[in-house]
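# Overview (structure and organization)
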Amino acid sequence: MSKIIYTKTDEAPALATVSLLPIIQAFTKSSGVKFETRDISLSSRILATFNDYLGSKIKYENDLEFLSKLVKDPKANIIKLPNISASIPQLKKAIHELQLKGFKIPNYPEKPENENQLIIQSIYDKIKGSAVNPVLREGNSDRRVPSAIKNYIKTNPHKLGVWTSASKTHVTSMQSGDFKNNETSLTSNKHELLNIYNYDSDNKKTILKENITIHKESIIDCSYMNIGKLQEFIENEISDCKTKDLLFSLHLKASMMKVSDPIIFGHVLKVFFKKFLKKNKILLDKLNIDLNSGLSNLYEKINNLDKNTRERLAEELEYEFKSGPDVAMVNSENNISNFHIPSDVIIDASMPAMIKSSGKMWDKRGDLKDTKAVIPDSSYASIYQATIEYCKKNGEFDPSTMGTVQNVGLMAKKAEEYGSHDKTFEIKETGKVCVETKDGKTLFTHNVSKGDIWRMCIVRNEAILDWIKLALNRAKETKYPTVFWLDEQRSHDKQLIKVVKNELNKIDTSLLDIQILPPYEATVFTLEMIKKGKSVISVSGNVLRDYLTDLFPILELGTSAKMLSIVPLMNGGKLFETGAGGSAPKHVQQLMEENHLRWDSLGEFLAISVALENIGLKNDNAKILSSCLTNAIEKLLSNQRSPSRKVGEIDNRGSHFYLALFWSEFLSNQNENILLKKEFSAIFKSLSENEKIIMDEINEKQGAKVNLEGYYKTDDLITNSVMRPSQTLNNIIDNI
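Below you will find a few notes about this structure. Since the model is a prediction, treat every value here as computed from it, not as a measurement.

Rules of the game
- Residues numbered from 1 in each chain as written.
- Predicted model: local features only at pLDDT ≥ 70, side-chain atom pairs only at ≥ 80, totals over all residues.
- Heavy atoms only, no water.
- Helix = DSSP H or I, 4+ residues; strand = E, 2+ residues; numbered from the N terminus.
- Buried < 20%, exposed > 50% of the residue type's maximum accessible area, 1.4 Å probe, protein only.
- Contact = heavy atoms within 4.5 Å.
- 1 Å grid on protein atoms, 1.4 Å probe; cavity = no way out; pocket = protein on both sides within 12 Å on 5 of 7 lines; lining within 4 Å.
- Points joined across faces, edges and corners; volume = space filled by probe spheres on them.
- Nonpolar A, V, L, I, M, F, W, Y, C, P; charged D, E, K, R; others polar.
- Disulfide = S-S within 2.5 Å.
- Salt bridge = Lys/Arg side-chain N within 4 Å of Asp/Glu carboxyl O.

Along the polypeptide, Lys128 turns up in the loop between helix H6 (115-125) and helix H7 (133-136). Lys128 gets classed as buried once you look at its relative accessible area, which sits at 11%. When near neighbours in sequence (up to four residues on either side) are disregarded, Lys128 contacts Ala86, Ile88, Leu91, Tyr108 and Lys258.

Here is the structure:
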């Protein structure tokens, strides 16, 4: 029996799984392929972590821990769907929901008052943010657009907003004092343990972290963000925004950079609302306001006050909003701004969406307006400025003729910034931070002030070599120009460039087009190539991998969810990631309001196809299943059977039916395996004869409100009823 692990996650993909998985399991059962589920949803991870608190005989298995071991197994074959990278507000809501369901788990202590609360907070902090991806990514990333998707887009291009040279939209970042400009790096020459200490002005030592394992030839980076310079920068940009009548929009990655970016977010709010905060300091201190969690935390606490105080604070807050520049809105109708929750505006999704829409974002009146995109750290901001400048000069792209950008991303072994969480600190004492060896030698020293954000990043040599090898293999297979996005003026990249050049010198690259360019120049080169209809491979670090695999696909395809994401695991297994656009909470909101789920499972379809293809190396039936599924996906697209945004039209569940219909059709028409042909001829006959009945049963349920008896942990029976509304389809699938 060949096994594929299929992850249960959160929000829209979790709901879609309830509809799709029974079809997949039924279609592959006779071929000796088993789809086994593992639950890595936020609620499951909380319950598994706090098993000792539950006081019941039921113990929740830690499936993330199981998968962390499986990814090191050469036989691993895993499909990983998008999950919530929980911000503190999301984490607290999930905890509250579980408590209401009777689970006796502790509250999240925002400001611990004793050692027990510190322990509880530290446990929850391992769950919040991007706690899943760094654990599972035991390999580097290979992302590309499948040919079926590219062919479809050429004949069915999406619309891009019109760009003109008159646009005032631009990107702004710190020019000094940020992580990029304060970065220092070195390559370790031996295996060793390192310690991080904070020395105050009296040279009193505070331990930040000890016994950090460093492997030989690892690249180590240390840097910090000067909060004084951050506040000065934000102050200037707010003023400039007001003067030039631009929308103020803040773009961070609070989900993945779960320690540093919420702190930065909080400082932006402290500057923007400084008069309000100063005037009401005593009251707000009593309320224990945490602006790192966004304005939602402030509104939540204010709503618990008496009517007069509540109304006074709301008026003063609204006045401060009106006194500053307009702020970009997440939801204009509900008055939810860019400042509401840190996880509401994730840079790798928000910036491409803005560029796609003529460089505009929504204001409080529901109108699109030119925008100042504030990206405090300058490390990667130039890629967006380069794209904006290019669009101003050359106009918007044409998806029907533009080329494609593949990506090879360095992410194995918790590489670079995305592995820095446990080595990132908000500095408590003005003085210096030192990184020292066990024998007392100092490797890094930074002079810091109280409140600064200091961090250490590490990337291991074996991950770098695997990344370079993967990039060269893709370059040889495609013959596309291949660009390493590395800046020799940046300390970290300088160390990486040495390794890249050393590896390139070992092989004959005369027939390959290999370049090393800093991000701004690499962006311009890539944009010029795809404008001409040519294709490029971008080879980038971990953060840029995230940014680039949203930026270019959103321009090319309208969404990053249509990318094929393969992670060749370093020990030989495979991890297939789906739905790069996230877990789509707005899709869930629409389902609850209208019983219409617009989530497109195309990413899952593609991942299932390549996972079956992977098994097909040893299982001929799996190879046939994969080939026929690929054909079914192409027919599904060409026949416009993807989910619509509008209630009453085809949604996720209807799309799954048509996938089953077309997949069974191609299986019934193939002649490589007569038993499969016979089995699926009968299935295709049943599905095609009942097409109208099935679609009527699915669509007639739309339009009404749905109560799933939970958000982070829904009721299984209710969810199954909602997501499998056609009894006719269920009878066919369940009896295969």
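Tallied over the full model, the rule gives six cavities of 30 Å³ or more. Of the pockets and cavities examined, the largest cavity occupies roughly 240 Å³. Every residue lining the largest cavity is counted, 20 residues in all, and those nearest its centre are Met257, Asp261, Asp377, Tyr380 and Tyr547. Residue assignment for the lining of the largest cavity shows that the elements contributing at least two residues are helix H11 (260-272) and helix H21 (542-557). Residues that form the lining of the largest cavity fall into these classes: 13 nonpolar, two polar and five charged. Here the second largest cavity is characterised by a volume of approximately 90 Å³. Lining the second largest cavity are Ser19, Ile23, Arg653, His656, Ile698, Met723, Arg724, Pro725, Ser726, Leu729, Asn730 and Ile733. Put simply, the parts of the chain that give the lining of the second largest cavity at least two residues each are helix H1 (11-29), helix H25 (652-669) and helix H29 (727-734). The biggest single contributor to the lining of the second largest cavity is H29, with three residues. Looking at the lining of the second largest cavity residue by residue, the class counts come to six nonpolar, four polar and two charged.

This next bit is on H29. Listing the buried residues of H29 in full gives Thr728, Leu729, Asn730, Ile732 and Ile733. Contact partners of the buried residues in H29: H1, H25, helix H26 (674-689) and helix H27 (691-699).

Here the structure, examined in full by the defined rule, presents zero disulfides. Sulfur of Cys222: no disulfide; nearest cysteine sulfur belongs to Cys457 and is 8.1 Å away. Residue Cys222 is classed as buried on the basis of its relative accessible area of 0%.

Under the definition given, this model contains 44 salt bridges. Of the charged contacts in the structure, one is a salt bridge between Glu577 and Arg143, with a shortest N-O distance of 3.3 Å. Here Arg143 lies in strand E4 (residues 141-144) and Glu577 lies in strand E24 (residues 574-577), a separation of 434 residues in the sequence. Each member of the pair Glu577 and Arg143 is classed as buried. The partner of Lys209 in a salt bridge is Asp422, and the shortest N-O contact between them spans 3.8 Å.

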